[in-house]
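# Coordinates in review
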Amino acid sequence: MRTEEKEEEEEQQWRSVHEVLLIVLPYLHSLFELLSMTRVSRSFRDAIRDETALWTNVVVEPPLSSRLTDDTLSEITSKSAGKLNTLILRQCLRVTDNGLRRVIDANPLITKMIVPGCTELTPEGIMKCVSSLTKLETLHINGVYGFTKHHISSLSSTYLPREGSIDVEVCPKCDEVRMIPSCSRRSCKQRQSKERKCKGCWFCVSRCVECSVCLGPETEVQEAACGGDVLCLECWIVLPKCCFCNKPYCTSHSSLRHEIASSDDAAAAAARPMFECQACYYREGTNPYDAFDYQI
Ligand SMILES: [Zn+2]
Ligand SMILES: [Zn+2]
Ligand SMILES: [Zn+2]
Ligand SMILES: [Zn+2]
Ligand SMILES: [Zn+2]
């Protein structure tokens with residue numbers, strides 16, 4: 001009787017774990033989240049381990065990327081039992097061509113291989129993997145060193161002919177293999193990608209870092225506080241600005257802001273900008289510590 005009760009209880013627990021899994025399944029994004037979930041309970045850990053559907057998309061991003069070795073990658077991907085569909089490895093600096101090869105050999109159905117910033121991989125290693133993946137539709141390799149025009153043209157003519165399936169292209173202006181942003185200017189968007197005059201990498205064409213619109217001689221260019229980045233007037237207007245030099249940080253550099261403690265007067269605090277840029281912060285006189293007299 002007792003064992004029956006126990007079995008029933010276990011069965012119940014098992015069922016509820018699976019129900020929860022089905023609910024959270026669509027929201028689990030990366031391996032980090034998945035591994036965090038395994039710590040919830042033993043039955044949760046077992047359910048996650050045995051659920052092959054959970055492992056068909058493997059996403060490894062910082063902070064886990066730096067710890068991912070070839071062996072761990074092989075172990076994690078083997079849980080999909082050959083059904084791995086999406087492999088996303090961002091800045092996994094320890095994954096080598098051999099490690100990737102092992103995953104590809106065991107999982108021939110991969111449709112997305114996204115490996116930006118995996119600096120141990122080589123163009124040759126990736127080309128070999130691509131040639132054996134007949135279902136591959138998307139390949140991201142920005143930040144993998146050594147790709148040449150010839151690699152890209154062979155990839156796009158033989159394996160991935162659809163426009164946009166590879167994240168890098170040959171820049172028509174400097175002839176280097178680089179990311180080429182699309183342009184948000186309406187007159188540019190109307191043209192075919194090949195005819196677009198502003199088609200070029202970030203080095204060759206001046207663009208707003210926020211909306212990537214091309215900045216020609218007839219557009220007003222605004223300087224950002226992050227040194228080197230430029231903005232279009234529309235983006236400049238809406239971004240919060242340094243209260244000393246009135247320059248905004250772009251969104252990706254917004255962590256460089258030095259927040260200024262708000263004053264007690266709420267109305268005054270709301271009226272003035274709440275941060276200063278690094279240049280102003282370190283400039284003599286604005287840093288409160290500069291006024292401090294260190295002389296004894
Ligand atoms: Zn270029
Ligand atoms: Zn803009
Ligand atoms: Zn443009
Ligand atoms: Zn400033
Ligand atoms: Zn910036």
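Each remark here, short or long, concerns the structure printed above.
Read on for a plain summary of the structure. Keep in mind the model is a prediction, meaning the values are calculated, not measured.

## Here's the deal with the overall build of the protein
Secondary structure summary: the protein contains eleven helices and ten strands in total. When each of the 296 residues of the protein is scored for burial, the buried share is 23%.

## Focus on the packing of helix 6 (residues 123–132) against helix 7 (residues 149–159)
The N-to-C vectors of helix 6 and helix 7 enclose an angle of 5°; their axes lie 11 Å apart at closest approach. With respect to each other, helix 6 and helix 7 are oriented roughly parallel. On helix 7, the residues touching Pro123, Met127, Val130 and Ser131 of helix 6 are His151, Leu155 and Tyr159. Its residues assigned to classes, the contact of helix 6 with helix 7 comprises five nonpolar, two polar and no charged.

## Details of the pairing of strand 2 (residues 86–89)
Note that strand 1 (residues 57–60) and strand 2 share four bridges and pair parallel. Considered in strand 2, the bridge of Val58 is made with Leu87. With three bridges connecting them, strand 2 and strand 3 (residues 112–114) associate as parallel partners. In the strand pairing of strand 3, Leu87 is matched with Met113.

## Describing the sheet that holds strand 4 (residues 138–140)
Read from one edge of the open sheet, four strands run 1-2-3-4, paired in parallel fashion. Across the chains shown, the open sheet's two edge strands, defined by having one partner strand only, are strand 1 and strand 4. Taking each pair of neighbouring strands and ignoring which way they run, the sheet shows an average axis angle of 5°. The sheet contact formed by strand 3 and strand 4 spans three bridges and is parallel. Looking at strand 4, one finds that Ile114 is bridged to His140.

## A short note on helix 5 (residues 97–106)
Along helix 5, the residues that are buried comprise Gly99, Leu100, Val103 and Ile104. All buried residues of helix 5 fall inside an arc of 135° around its axis, so they share one side. Residues Asn98 and Asp105 are exposed on helix 5 and point more than 90 degrees away from its buried face. Taken together, the buried residues of helix 5 touch helix 4 (70–78), strand 2 and helix 6.

## Considering unusual backbone geometry
In the segment running from Pro62 into Pro63, the intervening peptide bond is cis, with an omega of 10°. Its place among the elements puts Pro63 in the loop between strand 1 and helix 4. In this model, Gln91 sits at a positive phi of 50°, which is unusual for a non-glycine residue. Positionally, Gln91 belongs in the loop between strand 2 and helix 5. By the C-beta count within 10 Å, which is 17 here, Gln91 ends up partly exposed. A positive phi angle is found at Ser212, which is not glycine, with a value near 60°. Within the fold, Ser212 resides in the loop between helix 8 (186–190) and strand 7 (221–223).

## Details of the pairing of strand 1
Side chains Val58 and Val60 project from strand 1 onto a buried face, and the interleaved Asn57 and Val59 project onto a face without burial. Handedness of the crossover joining strand 1 and strand 2 through helix 4: right-handed.

About the thresholds
- All residue numbers refer to position in the chain's written sequence, counted from 1.
- Labels follow written order: the first chain is A, the first ligand is 1, and so on.
- Owing to the predicted nature of the model, reporting of local features is limited to residues with pLDDT of at least 70; listing and counting of side-chain atom pairs is limited to 80 or more, with chain, interface and lining totals taken over all residues.
- Strands here mean DSSP runs of E at least two residues long; helices mean DSSP runs of H or I at least four residues long; both are numbered from the N terminus.
- Every C-beta atom is placed from the backbone, and the number of other C-beta atoms within 10 Å of a residue's own sets its class: buried at 20 or more, exposed at 12 or fewer, partly exposed in between.
- Here, axes are lines fitted to C-alpha atoms. For helices the fit covers the stretch in contact, and angles between N-to-C directions go from 0 to 180 degrees.
- Roughly parallel refers to an angle under 35 degrees, roughly antiparallel to one over 145, roughly perpendicular to one between 65 and 115, and oblique to any angle outside these ranges.
- Note on contacts: each residue gets a C-beta atom placed from the backbone, and two residues are in contact if those atoms are within 7 Å.
- Under this grouping Gly is polar, as are all residues other than the nonpolar Ala, Val, Leu, Ile, Met, Phe, Trp, Tyr, Cys and Pro and the charged Asp, Glu, Lys and Arg.
- Strand pairing is defined by DSSP finding a minimum of two bridges between the two strands.
- The reported arc concerns the directions from the helix axis to the C-beta atoms and nothing else.
- When the strands point away from the viewer and the connection leading from the first strand across the helix to the second strand turns clockwise, the crossover is called right-handed.

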